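Residue-level listing of the chains:
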Amino acid sequence: GSNPFTAISYAFGAALGTAYSYGLGKYVETIGGSADDAEDLQGAGVGQARFAFLILLFIFVGKFRSAGLQEIPSIMGFFTYQIASLSQGLKEYDD
């Protein structure tokens, strides 16, 4: 049968992905003032933030695996938001 924790794991990953994207948006807004420095700053800070969220995801899944949380659905959930924002960016690029 289907494991109820698959949906919970997916939702957890999606929630973390959403929080990550929200945080990223806020971060980009704060550095948006100076376009010249933005590229340098964005490269460093965004990369670290991305890894921090992935590490957080793995830590949580590791801690709660015994409770039924699953790695794959959590990771899939996390990247669902990335795919959505990527396709949004591609749509804007077409216009």
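Just so it is clear, the model here is predicted, and its values are computed rather than measured.

A. Looking closely at the overall build of the chain. Along the backbone of the chain there are three helices and zero strands. Listing every helix and strand of the chain by position from the N terminus yields α-α-α. Burial analysis of the chain (95 residues in total) assigns 21% to the buried set. Intrachain contacts of the chain at a sequence separation of at least 6 include 72% that bridge at least 24 residues. By element, 66% of the accessible surface of the chain is carried by carbon and sulfur atoms, the whole surface being about 6600 Å².

B. How the structure looks around the nonpolar core. Listed in full, the five residues of the largest apolar core are Leu16, Tyr20, Leu54, Leu57 and Phe78. Mapped onto this core, the elements with two or more residues apiece are helix 1 (4-31) and helix 2 (35-64). What Phe78 contacts, discounting residues up to four positions off in sequence, is Gly13, Ala14, Leu16, Gly17, Tyr20, Phe53, Leu54 and Leu57.

C. Fine view of a nonpolar patch on the surface. Taken together, the side chains of Tyr10, Ile72 and Met76 make up a nonpolar region of the molecular surface, amounting to roughly 320 Å² of accessible area. Classification of Tyr10 as partly exposed rests on a relative accessible area of 34%.

D. Main features of the environment of Gly68. Tracing the backbone shows Gly68 in the loop between helix 2 and helix 3 (71-94). Relative accessible area serves as the criterion here: at 18%, Gly68 is assigned to the buried category. The residues contacting Gly68, other than those within four sequence positions of it, are Phe5 and Ser9.

E. Here's a closer look at the pattern of salt bridges. Inspection of the entire model under this criterion finds one salt bridge. A salt bridge links Arg65 to Glu71; its shortest N-O distance comes to 2.8 Å. A residue is classified by how much of its surface remains accessible, and Arg65, at 45% relative accessible area, is partly exposed. Given a relative accessible area of 30%, Glu71 falls into the partly exposed group.

F. Inspection of the environment of Tyr10 at higher detail. Tracing the backbone through its elements, the reader meets Tyr10 in helix 1. Along the backbone, Tyr10 and Glu71 are 61 residues apart, and their C-alpha atoms lie at a distance of 8.9 Å. Not counting residues within four places of it along the chain, the set of residues in contact with Tyr10 comprises Pro73, Ser74, Met76, Gly77 and Thr80. Within polar-contact distance, the side chain of Tyr10 engages the side chain of Thr80 at 2.7 Å.

Conventions adopted
Residues numbered from 1 in each chain as written. Predicted model: local features only at pLDDT ≥ 70, side-chain atom pairs only at ≥ 80, totals over all residues. Heavy atoms only, no water. Helix = DSSP H or I, 4+ residues; strand = E, 2+ residues; numbered from the N terminus. Buried < 20%, exposed > 50% of the residue type's maximum accessible area, 1.4 Å probe, protein only. Contact = heavy atoms within 4.5 Å. Areas by Shrake-Rupley, 256 points an atom, 1.4 Å probe, with all protein chains shown as cover. Core = buried A, V, L, I, M, F, W, Y, C linked by side-chain atoms within 4.5 Å. Patch = residues over 30% accessible without salt bridge, like charges linked within 9 Å, V, L, I, M, F, W, Y side chains within 5 Å. Salt bridge = Lys/Arg side-chain N within 4 Å of Asp/Glu carboxyl O. Polar contact = N/O pair within 3.5 Å; in protein donor to acceptor, adjacent residues only side chain to side chain.

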